[in-house]
Amino acid sequence: MDQFSEILDGLADSSLRGREFREECMQRLDTLPTYDWSGVYRLEGQALFLDAYVGAQTDHTRILVGRGVCGTAVAENENQVIEDVSMLDNYLTCSLATKAEIVVLIKSGETILGQIDIDSHQAGAFNQDDEQFLEKMSAMMAERWMGSPKP
Ligand code: SME
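Residues numbered from 1 in each chain as written. Predicted model: local features only at pLDDT ≥ 70, side-chain atom pairs only at ≥ 80, totals over all residues. Heavy atoms only, no water.

**Comments concerning the packing of aromatic side chains**
One pair of aromatic rings is described through two measures. These are the centre distance and the angle between the planes.
(1) Moving on: In total, this model carries three aromatic pairs according to the counting rule given.
(2) Moving on: Their ring planes at 90 degrees and their centres at 5.3 Å tell us that Tyr35 and Phe126 sit as a pair that is edge-to-face. Of the two residues, Tyr35 is situated in the loop between helix H2 (18-29) and strand S1 (37-44) and Phe126 in the loop between strand S6 (111-120) and helix H4 (128-143); the sequence distance between them amounts to 91 residues.
(3) Moving on: Using a relative accessible area of 3% as the deciding quantity, one classes Tyr35 as buried.
(4) Moving on: Note that Arg22 overlies the ring of Trp145, its terminal NZ or CZ placed 4.2 Å from the centroid.
(5) Moving on: Between Arg144 and the ring centre of Phe21, over which it is positioned, the NZ or CZ distance is 4.3 Å. (Phe/Tyr/Trp six-rings, centres within 6.5 Å; stacked < 30°, edge-to-face > 60°. Helix = DSSP H or I, 4+ residues; strand = E, 2+ residues; numbered from the N terminus. Buried < 20%, exposed > 50% of the residue type's maximum accessible area, 1.4 Å probe, protein only. Lys NZ or Arg CZ within 6 Å of the ring centre and 35° of its normal.)

**Some words on empty space enclosed by the protein**
(1) Moving on: Using the criterion set out here, one finds one cavity of 30 Å³ or more in the structure.
(2) Moving on: Along the walls of the largest cavity sit 13 residues, with Ile63, Cys70, Leu92, Glu101 and Asp117 positioned nearest its centre.
(3) Moving on: Secondary structure elements with two or more residues in the lining of the largest cavity: helix H3 (68-76) and S6.
(4) Moving on: A per-element tally of the lining of the largest cavity places H3 first, with three residues.
(5) Moving on: For the lining of the largest cavity, the class distribution of residues is seven nonpolar, two polar and four charged. (1 Å grid on protein atoms, 1.4 Å probe; cavity = no way out; pocket = protein on both sides within 12 Å on 5 of 7 lines; lining within 4 Å. Points joined across faces, edges and corners; volume = space filled by probe spheres on them. Nonpolar A, V, L, I, M, F, W, Y, C, P; charged D, E, K, R; others polar.)

**Description of the site of the ligand**
(1) Moving on: Around the ligand sit Trp37, Tyr41, Ile63, Gly68, Val69, Cys70, Tyr91, Leu92, Cys94, Glu101, Asp117 and Asp119, and that is every residue in its neighbourhood.
(2) Moving on: With respect to the ligand, the backbone of Cys70 contributes an N or O atom lying 2.9 Å from an oxygen atom.
(3) Moving on: Burial of the ligand by the surrounding chains reaches 100%, relative to a free accessible area of 300 Å².
(4) Moving on: Looking at the shell around the ligand, the elements that each hand over two or more residues are S1, H3 and S6. (Near = heavy atom within 4 Å. Polar contact = N/O pair within 3.5 Å; in protein donor to acceptor, adjacent residues only side chain to side chain. Areas by Shrake-Rupley, 256 points an atom, 1.4 Å probe, with all protein chains shown as cover.)

**Comments concerning the sheet that holds strand S4 (residues 80-82)**
Strand-to-strand pairing in sheets goes through backbone hydrogen bonds, with the strands running parallel or antiparallel.
(1) Moving on: Taken in spatial order, the six strands line up as S3-S2-S1-S6-S5-S4 in an open sheet, and their pairing is antiparallel. At either end of the open sheet lies a strand with only one pairing partner, and these are strand S3 (62-64) and S4. With strand direction ignored, the average angle separating the axes of adjacent strands in the sheet is 25 degrees.
(2) Moving on: Together, S1, strand S2 (47-54) and S6 form the strand contacts of H2, whose direction differs from that of S2 by roughly 60 degrees.
(3) Moving on: Strand contacts of H3: S1, S2, S3, S4, strand S5 (100-108) and S6, with the helix running at about 40 degrees to S5, the strand carrying the most contacts. (Pairing = 2+ DSSP bridges. Axes fitted to C-alpha atoms, helices over the stretch in contact; angles between N-to-C directions. Contact = heavy atoms within 4.5 Å.)

**Side note on the nonpolar core**
(1) Moving on: Core analysis: the largest hydrophobic core is formed by 28 residues, its most contacted members being Met26, Leu29, Ile116, Phe133, Leu134, Met137 and Met141.
(2) Moving on: Elements represented by at least two residues in this core include exactly helix H1 (3-13), H2, S2, S5, S6 and H4.
(3) Moving on: Residue contributions to this core peak at six residues, all from H4.
(4) Moving on: Excluding residues within four positions of it along the chain, Met26 makes contact with Ser38, Gly39, Val40, Ala52, Tyr53, Val54, Ile116 and Met141.
(5) Moving on: Formed by 16 residues, the second largest nonpolar core is a distinct cluster that contains Tyr41, Cys70, Ala73 and Ile112. (Core = buried A, V, L, I, M, F, W, Y, C linked by side-chain atoms within 4.5 Å.)

This is the structure:
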């Protein structure tokens, strides 16, 4: 079984929900060799807020819709696959080592709940296979977006 299927199968077996599930997802993404920073942003109104993540601390804990790669994904309602971030003029730098970035929206129907954002130190690290894999993960996150009600 390939690494993507192994991760998705493991997550399907998990009983976690909400933020705990998103943390589990990020931990598993961090095991992939070219995934150097893995995080989730939640969309609240006109801004994205950093949620679960694994990797270096970032200044970008709140990103306005339309700003950077993350905000552009929401503004255009489109996933973003960036081979070389140095080619962008609207890029918000998290780490100077980052070369490639992928953002996949998390949606419930037409409503954008947030996004998965991955940075890589390797240019061209992400392609359509990564996008499809992350779309499957984002669908699982959307289904389990809210945590369990407290007993
Ligand atoms: N590079 C992103 C900001 C988030 S960090 O990568 C964690 C952007 O341009 O929106």
